[in-house]
Amino acid sequence: IIYDFGRELFACVRFFGATAGKRPVVYYGESLYEAEDTENCELLSTDLKQVGDTFTTKTAKAFRYVTADDLEFTAVSALFEYLPMKKRSFFKCSDELVNRIYEVAEYTLFLNTREFLIDGIKRDRWIWSGDAYQSYLMHYYSYFDKEVVKRTMLALFGKSPFNLHLNHIMDYSFFWIMGMYDYYQYTGDAAFVGENLKKTFEVMDYTLSRTDQNGFVDSKTEDWVFVDWADLDNSGEVCFEQILMIVALKNCAELGEMFGEAEKAAAYRTLWAEKLKKLDVFWDEKQKAYIYSLKDGKSDEKILRYPNMFAVLYDVCAEERKEHIKESVLKNDRIPSIVTPYMKFYEFSALCKMGEQEYVLEEIRNYWGGMLKEGATTFWEAYDYRQQGREKYAMYGRKYGKSLCHAWGASPLYLIGKYIVGLTPADGEFILKPCLAGLDSFDAELPLARGSVKISMTKEKISVYSDDMYGTLELGRKKYRIEPQKRKEVDCS
C-alpha cells in the first residue's frame, strides 16, 4: 500500500497503532513510480523512534508518497518541518494556469528555504552558489527574508583567505559577487554590505589571479566550469564565463564607489572596460551571435543560447547586436533548447528585457504548465516534455535522481514580479513598469525594502499604492510619481 500525502513535503512520518518486525523500512517517493520501486528509490528510513504503539522516523525527508515494509499500522501522518516565514507576495491574474504556476513556484521556494537557501529538499539539501543566487532574487519578489539570504551568503564564503572557487565552480564565485551587489540594491542594507565588502573584493581578486595570458578566465584542472546541465564542452576560454567576470567587475566597481573604496573601484572599473572590449573576439559577424568558446585562440563556431542571453541581459553588447541575438539565437528553434529552469530563468529574463513579455508568458505556460500536467506539486530540477514514463524522473545515471522540488524551479516568482508586475529597485526607491503580456488583468502585492507595493492593472486602468516608499510608475514615455500612503490611479486605455 502506498500513501499519497497530496503534495510534496519535507517531514518525518509517524505511524499509529503500529507493530514492527525485525527490520522495519520506510520508503519515500517524490513520484508514484519512485515509491513503487523500493529497490531504486532515492530515500528510505530504517531508524524509527518508538513510543508505545507509535513509530516515528527520526529524520525528516522529502516525499509525496510513502510505503513501508515489516511494519503494520492503522494510521499514518506527516510531521511537516519548515522555516516559518511571513508570506509577503500576492499575484492573481485573468489566467488560472498562470495563477497556479505562481502558487506552485511560491510553495517550491518555501520548501527550499530553511536554515539556508538550499538547492532541493530530496537529494543534495546543500548550498550551491548558483542555485542560491536565483533564490535571493526570487525572495525579493516573494518572502523577502533578508536573514536567510545573509546566512546563505556568509556560509558560502566561509572564512578568509578565499583560495577556492565556491562549490569548486568558477561561475558560482561570480554569482556570489553579483548576489552581494543585488542584495544592496534590493534591501539598502549598508551595514551588511559594508561589513562584507572586503570579502566581495577577495572573491573578485582570486578570480582575476587565475586569468590566462589573454586576460580571460579559463578551465583549470581543479575548477568545475558548470554553466548548465547540458552536453557542453567547457574547455578553453568560455564566453559565458567572460561575461560573468565582466558583470562581477562592474558590480565591484560600483560597490567600491558607493562605499568609499575609490582606489579599488577605479582599478575594477579599468579592468571592466578592458575586458568588455576584449569580449569582441567572441562575436561572430557572419552568424550574428557570440560563439561559445575559444580553444587555443580559435573559435569553436558553436552558437548556443548561454553567452548570448547573458550578453543581452547584462548589457555587454550594443543594442544592434541585441536585436540580432534575439532573432538569430533566442527566438531561433534551430539553436539547442534549454531544459533546466536554472537557465530558463536567464533566457526568459533576457527576452523580457527586450519587450517579449507576452512571448515569455506563453513559454512559461508551456514549460511550467507542462510540469503541472505531469502532476507536479512543486517544480523540478529539469523538464523535457519529450520524456515519457519513468524516464522523466531519471538524472545523474539514477532512475529517480532528478529533484522534483528544486529551488531554481521557482523562476516564475521573479519573472512575473520583475517583468509582468514590473518592479525594480532604484536608488532607495522603486520603479514600476507593468505589462499585461496578453492578460486581461492582474492584481499583485510585492515586498519592498520597507513595506510593500500593491498594483492592479487592466487594459483601461492602473492603480498603485505604496505603504512606505517613494516610487515611479512608468508607462511608455510617461512617468508618474508614487508617494507613500497615496493611491495613484492612471488611465491607460
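Since the structure is predicted, the reported quantities are computational estimates derived from the model, not experimental observations. (Residues numbered from 1 in each chain as written. Predicted model: local features only at pLDDT ≥ 70, side-chain atom pairs only at ≥ 80, totals over all residues. Heavy atoms only, no water.)

Q: Can you break down the sheet that holds strand E9 (residues 237-238) residue by residue, with the values?
A: Spatially, three strands are ordered E9-E12-E13 in an open sheet, and the strand pairing comes out antiparallel. Since the sheet does not close on itself, it has two edges, and those belong to E9 and strand E13 (298-299), each with one partner. The sheet contact formed by strand E12 (residues 293-295) and E13 spans two bridges and is antiparallel. Its bridge partner lying in E13, Lys295 is registered against Lys298. (Pairing = 2+ DSSP bridges. Helix = DSSP H or I, 4+ residues; strand = E, 2+ residues; numbered from the N terminus.)

Q: An account of unusual backbone geometry is requested, with residue identities and associated values reported.
A: Of the consecutive residues Ser160 and Pro161, the connecting peptide bond is found in the cis state with omega at 0°. For Pro161, the position within the fold is in the loop between helix H4 (146-157) and helix H5 (170-187). Unlike most non-glycine residues, Asp296 shows phi in positive territory, near 55°. A positive phi angle, close to 60°, is found at Glu301, a residue other than glycine. Residue position: Glu301 is located in the loop between E13 and helix H10 (305-313). Of the residues examined, Glu301 reaches a relative accessible area of 57% and is grouped as exposed. (Buried < 20%, exposed > 50% of the residue type's maximum accessible area, 1.4 Å probe, protein only.)

Q: Outline the side chain of Asp189, supporting the account with residue identities and numerical values.
A: By secondary structure assignment, the location of Asp189 is in the loop between H5 and helix H6 (190-195). A polar contact of 2.6 Å, which involves the side chain of Asp189, links it to the side chain of Tyr183. With near-sequence residues (within four places) excluded, Asp189 lies in contact with Lys146, Lys150, Tyr183 and Tyr184. (Polar contact = N/O pair within 3.5 Å; in protein donor to acceptor, adjacent residues only side chain to side chain. Contact = heavy atoms within 4.5 Å.)

Q: So, the sheet that holds strand E21 (residues 488-491): which residues are in play, and what are the values?
A: Within a sheet, each strand pairs with its neighbour through backbone hydrogen bonds, oriented either parallel or antiparallel. Taking strand neighbours across the sheet as the criterion, the five strands line up as E8-E16-E17-E18-E21 in an open arrangement whose pairing is antiparallel. Unpaired on one side and paired on the other, strand E8 (90-93) and E21 mark the two borders of the sheet. Ignoring which end each strand starts from, the neighbouring axes of this sheet average 10° apart. Sheet analysis places strand E18 (residues 461-466) next to E21, joined by four bridges and oriented antiparallel. Looking at E21, one finds that Val464 is bridged to Lys488. (Axes fitted to C-alpha atoms, helices over the stretch in contact; angles between N-to-C directions.)

Q: Describe the environment of Glu301, listing the residues and the values that go with them.
A: Sequence separation between Glu301 and Leu109 is 192 residues, and the spatial gap between their C-alpha atoms is 38 Å. Not counting residues up to four positions away in its chain, the partners in contact with Glu301 are Gln287 and Ile291.

Q: Would you mind going over the packing of helix H3 (residues 129-140) against H5 in detail, with residue names and values included?
A: At a minimum axis distance of 8 Å, the contact between H3 and H5 shows a crossing angle of 15°. Relative to H5, the element H3 is oriented roughly parallel. Our pair here, H3 against H5, has a crossing hand that is left-handed. Between H3 and H5, the residues in contact are Ser129, Gly130, Asp131, Tyr133, Tyr136, Leu137 and Tyr140 and Tyr172, Phe175, Trp176, Met178, Gly179, Asp182, Tyr183, Tyr186 and Thr187, respectively. The class makeup of the residues in the contact of H3 with H5 is ten nonpolar, four polar and two charged. (Parallel < 35°, antiparallel > 145°, perpendicular 65-115°, else oblique. Left-handed = near helix turned anticlockwise from the far one by under 90°. Nonpolar A, V, L, I, M, F, W, Y, C, P; charged D, E, K, R; others polar.)

Q: Before we move on, could you go through the packing of helix H12 (residues 341-353) against helix H13 (residues 357-373) and cite the residues and values that matter?
A: Contact pair H12 / H13: the axes reach a minimum separation of 9 Å and the direction vectors enclose 160°. With respect to their mutual orientation, H12 and H13 come out roughly antiparallel. Crossing geometry of H12 relative to H13 is assigned as left-handed. Facing Pro341, Lys344, Phe348, Leu351 and Cys352 of H12, the residues of H13 in contact are Gln357, Tyr359, Val360, Glu363, Ile364, Tyr367, Trp368 and Met371. Its residues assigned to classes, the contact of H12 with H13 comprises ten nonpolar, one polar and two charged.

These figures come from the coordinates and say nothing about function on their own.
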